[in-house]
Amino acid sequence: MAVVADPVGSGGRLCGLGEDGGTVGGTAVVADLARAVREVEAAAGPRWVWGGTEEVYQGLLDRGGVRVGRCHDVKLVESLLLGQEGRHGRPRSLGAAWARLHGLPEPPDAPEAGGDDQPVLFAADRHHLPPDADPLAALVEVHAAQQRRIGAGDRPDRMRLLCAAESAGALAAVEMGRDGLPWSARAHDELLTGLLGPRPAGGARPARLGELAQRIQDALGRPVNPDSPAQLLPAFARVGVPLASTRSHELRKVEHPAAGLLLRYKELSRIHAAHGWAWREAWVRDGRFRPEYVVGGVVSGRWATRGGGALQIPRPLRAAVVADPGHLLVVADAGQLEPRVLAAMSGDQGLAGAAAGGDLYAAVAQDAFGGDRPRAKIALLAAMYGQTSGEAGQLLAVMRRRFPVALALVEAAARTGEAGGIVRSQLGRTSPAPSADRFVDEAADPADGASPDRRAARSWGRFTRNFVIQASAADWALAMLAALRRELAAIGSAPRLVFFQHDEVVVHTPADLAPAVESAVAAAADEARRLVFGATPVPFPLETHAVERYADAK
DNA sequence: ATTCATGGCGCC
DNA sequence: AAAGGGCGCCATGAAT
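Just so it is clear, the model here is predicted, and its values are computed rather than measured.

All right, on to the protein's contact with DNA strand C then. Taken together, 25 residues sit near DNA strand C, with Asn225, Ser228, Gly307, Arg462 and Phe463 positioned nearest. Asn225 has a polar side-chain atom sitting 3.1 Å from a phosphate oxygen of DNA strand C. Take Arg302: an N or O atom from its side chain is 3.2 Å from a base nitrogen of DNA strand C. Counting only elements with at least two residues in the surface near DNA strand C, the list comes to helix 12 (257–275), strand 10 (304–306) and helix 20 (452–491). A per-element tally of the surface near DNA strand C places helix 20 first, with five residues. Broken down by class, the residue content of the surface near DNA strand C amounts to five nonpolar, 14 polar and six charged.

This is the structure:
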């Protein structure tokens, strides 16, 4: 069912779509679009086709519309298809897709900065379609073309699944952004006060930070701003501590008393700056933290957020995430997701065997590293990230010997990237092409391993090496989220997804429904494994904890 | 006064 | 010889 909202007012138009994307029946013009969608959703539960979930679904919910089960987000699908076709970076709005179909100039996605407000808003409502185009006709046309393009790819079944999962994610993102993460101002206050001292008036520096700054100055024997690396480096040098940088990793190796104080200062000042009282006033309303999720905000398919640092909430602060009375948070975390993805994708028998038990790192350690789990973890991370420095290089050699098929997968991806090629995730999300200037000199003297060109090529190789893993993990996570969203809706309207962070979800639910939610989580994890990786023997467990505070889940 | 690059650190 | 992937956000300090 294709749907467009009128640019102003509450009306819109709908029309049915057949299997081939052609229209079925006539166009319905309605004055209350939210109501029409509610009725059709209840009667038929169709896949809603629209130009952009962020705009249309948001508007429907604003006007009292129902939550819908499925959609096809033309903008997100366009982005996936542009990648499939090696045309990354082209504008992806409905209007741009329509213009491409007609050989017309493509409107850019981002409106010109500094332009008049009125045309920009109008353009957004119409998804950048020209004034004389019929939005519903354009939508139907672009959707049909997208269906054909999906079918024209190497693995239409997987791309179809990816498009469905991406679109379902967009529904979940809008819903989560509206529901928000339960955030207790009181618990947050207690935490901050315990760490930083009482809240200072007028945004001044908290007492504890002032004290630490003073003690750092005393230890270094001169006035210095602890927030300024440029001042700290010479100050440390003057007391006989030459530092390459003021990073924590560097400071931890240092004996001088100022180093420990500075480490503590950095830790606390970050909490204060990034998630302190000012943050709460900006981002928490009515007991909910409402970040704005950006689906497809990362090329790998991970989400980003706009504002509030939602995906970087420091672990200690998760004690402020408290379920409502009579409710629980079901926290579900996919442990060791990326190495499991590598095992499943590559089909490496040894690694799959290691993944079969509960602790993949421990099993790899048993197989290849004399039971040394930390080294096994470093070795796996090195394989997936391309680290070669330090002991990682030697561990990698062991990995290559013991898990040749898995290593061949990531190393092939790295070689493709170094040569300027593109790689794909399990479901067919495509890595961007390197910028043109990055590979100007392909034939650069290969003997000159340290040339800027070679360095850039190797860096891009690390990116594509990681892309196949990270993006496939995102494939799984998205499929899981889509399945979970559907399972939760079947339980009822009370359990709500309230947080999603790469490989972890949080559901806020009445306490008596927590067991049902945990079952839904397990079912979703297994469905995602089956859909994304088929018959793999590699399990993808989603560990759940039903807790009152997010911090209690670990 | 505002913008931009950099260093740094939080999360995965 | 090679020096770990992806993000968002903050403060600083220089440039505009």
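This is not the end of the story, as more comes after the structure.
Another aspect to go through is the domain arrangement of chain A. Much of the literature gives interface size as the accessible area that the parts lose upon coming together. In terms of domains, chain A is made up of domain 1 (2–153), domain 2 (185–281), domain 3 (294–304 + 317–336 + 474–553) and domain 4 (338–468). Measuring from the centre of the C-alpha atoms in domain 1 to the corresponding centre in domain 2 gives 49 Å.

By the element assignment, Val49 lies in strand 4 (residues 47–50). Contact partners of Val49, with chain neighbours within four places excluded, come to Met1, Ala2, Val3, Leu17, His72, Val74, Leu139 and His143.

Take the side chain of Ser300 next. Tracing the chain through its elements places Ser300 in the loop between strand 9 (292–294) and strand 10. A distance of 3.5 Å separates the side chain of Ser300 from the backbone nitrogen of Arg302, its partner in a polar contact. In this structure the side chain of Ser300 is engaged in a polar contact, spanning 2.6 Å, whose partner is the side chain of Gln470. Among residues more than four places away in sequence, those in contact with Ser300 are Arg429, Phe467, Gln470, Ala471 and Ala474.

Taken as a whole and assessed by the stated rule, the structure comprises 11 aromatic pairs. Each ring, one from Trp183 and one from Phe289, has its centre 6.1 Å from the other, and the planes form 75°; the classification is edge-to-face. Taken together, the positions of Trp183 in the loop between strand 6 (181–182) and helix 8 (185–196) and Phe289 in strand 8 (residues 288–289) put the pair 106 residues apart, joining distant regions of the chain. Here Trp183 matches Phe289 in class, with each residue buried. Taking 5.6 Å as the distance between ring centres and 65° as the angle between the ring planes, the aromatic pair formed by Tyr293 and Trp303 counts as edge-to-face. One end of the pair, Tyr293, is in strand 9; the other, Trp303, is in the loop between strand 9 and strand 10, and 10 residues separate them in sequence.

For His128, which is not glycine, the phi torsion reads 65° and is therefore positive. Tracing the backbone shows His128 in the loop between helix 5 (117–125) and helix 6 (135–152). Not every positive phi belongs to a glycine, and Asp286 is a case in point at roughly 50°. Residue placement: Asp286 occurs in the loop between strand 7 (284–285) and strand 8. Note on Asp286: relative accessible area 76%, which makes it exposed.

Calculation criteria
- Residues numbered from 1 in each chain as written.
- Chains lettered and ligands numbered in written order.
- Predicted model: local features only at pLDDT ≥ 70, side-chain atom pairs only at ≥ 80, totals over all residues.
- Heavy atoms only, no water.
- Near = heavy atom within 4 Å.
- Polar contact = N/O pair within 3.5 Å; in protein donor to acceptor, adjacent residues only side chain to side chain.
- Helix = DSSP H or I, 4+ residues; strand = E, 2+ residues; numbered from the N terminus.
- Nonpolar A, V, L, I, M, F, W, Y, C, P; charged D, E, K, R; others polar.
- Domains from an automatic or database assignment.
- Contact = heavy atoms within 4.5 Å.
- Phe/Tyr/Trp six-rings, centres within 6.5 Å; stacked < 30°, edge-to-face > 60°.
- Buried < 20%, exposed > 50% of the residue type's maximum accessible area, 1.4 Å probe, protein only.

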